[in-house]
Amino acid sequence: MNRENYVKDVIKRLECSKKRRVEIGKELQTDIQSALEQGETWEDVSLRMGHPAAVASEFNENTAETEKKKYKTGRRVKVGLFAAGLLVLLCAVIYLILPKTFSLDKSKVFSQKEVTQQTEQIIMLLDQEKYSVIRDTYSDKRMQKALTDTVFQKAEQAVKHTGSYSKITSVYTVGMSQMGHQLAVVQMTALYRNSTVTYTITFNSNMKLSGLYMK
Amino acid sequence: MNLRYEQQMKKGVLEMLVLNLLSETEKYGYQLIMELRDKSRGIFTLKEGTLYPILYRLEDDGLVVSRWSKPSGKEVSRKYYKITETGISELAELRKLWEDFSANVFLTLGDSK
C-alpha cells in the first residue's frame, strides 16, 4: 500500500467531523514526509505507525467526546435525510403508479354524454348479437384480438339466460388516469325480463373499447 | 506488567509533557513524537493516533495555537503548534500538581511498605 492509500485508509475510518478528518490526513502526510526526510523508509514508517485500522482506532479512542458526539449527530442527520429522501421518492413513485380517478364532467379528453351513449350502444349490440360490429367499430387493436367469437358466445350465453332486454336502470361513470394514460369507466346496469346484468365497460382516450366485463 | 496499567499511567502526563516541549519553541507533530521519544529514553514513544487528539484538545482549550508553514524549496508545508500564555500558566499549574502528586505517591508507596 502506498502512502496516499495508507492515509486514505486511515481517514475513512475516523469518527470525527469532515473538517478534522481532512486536517488529520494533511498532518499524517506531512509526518510521513518528515520521517522520510529524516532517513526512514516508507516501510519503516508504515511499520512504526501500524495498520491503518489500528491508527484510526487509536485516533478514535483518544478523540474528545464532544468531537465524537458531533460526528455521530452529523451521521444520524445524514442517515435521516437519506431515509427521508428515499421515502419521498418512494411516495412519488407510488403516486405516479397508482391509478387516480376523476370526474368525467370536468374531463378534457372524454365527454360524459358520448361515453354513456356508446356504452348503451354496445349493450344494445350485445343484445342483438352483433358482435362483429362491436369488435370492428368500437374496439381497439388489442380488444379486437381478445374479443374472439368464443368470448362473445360465452357472453351471449350469460346474457341470453336473463331473458329479453327491458331498460337501463343505473349508470355510473368515472375517469381514471395511470402513468399518463386516461380511461373512462362506465358501470351500467341493464334490466332484462328475468334478471339484471351489470356491465363495466372501459374506453381509452380514442373512445375505443379497452375493457368489457359483465356480471 | 499489564500493558493497560502502564498506558493508563502515561496518559495522565502526556498533556503536560507536550506543553512542556512546546514551551521551548513551536514544533510540528513528527518533531514532537521524536523529541518525546528521545528525551524520555523511549518510555514515551507516541503514535500519531495518540499525539494529534492531545494537540487538538489543547488547541480547543486555548492552550496552544497552530499554523501551517509556507512550503519553501524542498520543505513541505507543516503544521506548527505553539504554546499560548494560557498554556504557559496551565503548564506551571500542571508541574506543581505533578510535584505534589508524585511526592504523595512516593509517600504513600513508602508508607505502605
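Owing to the predicted nature of the structure, the values given are computational and were not obtained by experimental measurement. (Residues numbered from 1 in each chain as written. Chains lettered and ligands numbered in written order. Predicted model: local features only at pLDDT ≥ 70, side-chain atom pairs only at ≥ 80, totals over all residues. Heavy atoms only, no water.)

Draft legend 1. How the structure looks around unusual backbone geometry. Residues and elements named next belong to chain A. Look at M179: it is not a glycine, yet its phi comes out positive at around 50°. Summarising the element assignment, M179 is placed in the loop between strand 2 (165-178) and strand 3 (181-192). Relative accessible area serves as the criterion here: at 56%, M179 is assigned to the exposed category. (Helix = DSSP H or I, 4+ residues; strand = E, 2+ residues; numbered from the N terminus. Buried < 20%, exposed > 50% of the residue type's maximum accessible area, 1.4 Å probe, protein only.)

Draft legend 2. Examining the sheet that holds strand 3 of chain A more closely. Residue and element names in this part refer to chain A. Strands sit in the order 1-2-3-4-5 across an open sheet of 5 strands; the sheet is antiparallel. Looking at which strands have only one partner, the edges of the open sheet turn out to be strand 1 (100-102) and strand 5 (209-214). Across the sheet, the mean angle from the axis of one strand to that of its neighbour is 25°, orientation sign disregarded. Of the strand pairs in this sheet, strand 1 and strand 2 are connected by 3 bridges, and their pairing is antiparallel. Counted as the bridge partner of K100 is S177 from strand 2. Running at roughly 50° to strand 3, helix 6 (residues 112-127) makes contact with strand 2, strand 3, strand 4 (196-204) and strand 5 of the sheet. (Pairing = 2+ DSSP bridges. Axes fitted to C-alpha atoms, helices over the stretch in contact; angles between N-to-C directions. Contact = heavy atoms within 4.5 Å.)

Draft legend 3. Quick peek at the sheet that holds strand 3 (residues 79-83) of chain B. Residue and element names in this part refer to chain B. The antiparallel open sheet is built from 3 strands, whose spatial order is 1-3-2. The open sheet has two edge strands, strand 1 (27-28) and strand 2 (64-68), and neither has a second partner. Note: strand 1 against strand 3, 2 bridges, orientation antiparallel. Bridged to Y28 within strand 3 is Y80. Strands in contact with helix 2 (residues 14-24) are strand 1, strand 2 and strand 3; relative to strand 3, the strand with the most contacts, it is inclined by about 95°.

Draft legend 4. Structural context of the nonpolar core. Counting 42 residues, the largest nonpolar core has B:L22 and B:L55 as the members making the most contacts within it. Where this core is concerned, the elements lending two or more residues are helix 1 (3-11), helix 2 (18-37), helix 3 (42-49) and helix 4 (52-62) of chain A together with helix 2, helix 3 (29-39), helix 4 (48-60) and strand 3 of chain B. Setting aside its immediate chain neighbours within four residues, B:L55 contacts B:V18, B:L22, B:L32, B:V64 and B:Y81. With 24 residues, the next largest nonpolar core counts A:L104, A:I134, A:Y199 and A:I201 among its residues. (Core = buried A, V, L, I, M, F, W, Y, C linked by side-chain atoms within 4.5 Å.)

Draft legend 5. Molecular detail of the packing of aromatic side chains. On inspection of all chains with the given rule, the structure shows 5 aromatic pairs over all chains. Between A:Y6 and A:W42 the ring centres are 5.3 Å apart and the planes differ by 85°, which places this aromatic pair in the edge-to-face class. In this pair, A:Y6 sits in helix 1 while A:W42 sits in helix 3, placing the two residues 36 residues apart along the sequence. Each member of the pair, A:Y6 as well as A:W42, is classed as buried. Linked through ring pairs, A:F59, B:Y52 and B:Y56 together constitute an aromatic cluster. A cation over a ring is seen here: A:R20 above B:Y56, with NZ or CZ 4.2 Å from the ring centre. Sitting above the plane of the B:W68 ring, A:K26 keeps its charged end 4.5 Å from the centroid. (Phe/Tyr/Trp six-rings, centres within 6.5 Å; stacked < 30°, edge-to-face > 60°. Lys NZ or Arg CZ within 6 Å of the ring centre and 35° of its normal.)

Draft legend 6. Layout of the pattern of salt bridges. Residue and element names in this part refer to chain B. By the definition in use, this model includes 17 salt bridges over all chains. Salt-bridge contacts for D100 lead to K96; the nearest nitrogen and oxygen are separated by 3.2 Å. Of this pair, D100 and K96 both sit in helix 5 (residues 85-111), separated by 4 residues, roughly a single helical turn. Note on D100: relative accessible area 38%, which makes it partly exposed. (Salt bridge = Lys/Arg side-chain N within 4 Å of Asp/Glu carboxyl O.)

Draft legend 7. Molecular detail of the interface of chain A and chain B. At the interface, 24 residues of chain A touch 22 residues of chain B. With both sides pooled, the region where chain A packs onto chain B buries about 2,100 Å², and carbon together with sulfur makes up 48% of that total. Among the residues of chain A in contact with chain B, A:E27, A:D31 and A:N62 are the three that bury the most area, contributing 28% of the side total. Linking chain A to chain B there are 6 salt bridges. Close ionic contact of A:E27 with B:K79 constitutes a salt bridge, the shortest N to O distance being 3.5 Å. (Buried area = accessible area lost by both parts, 1.4 Å probe.)

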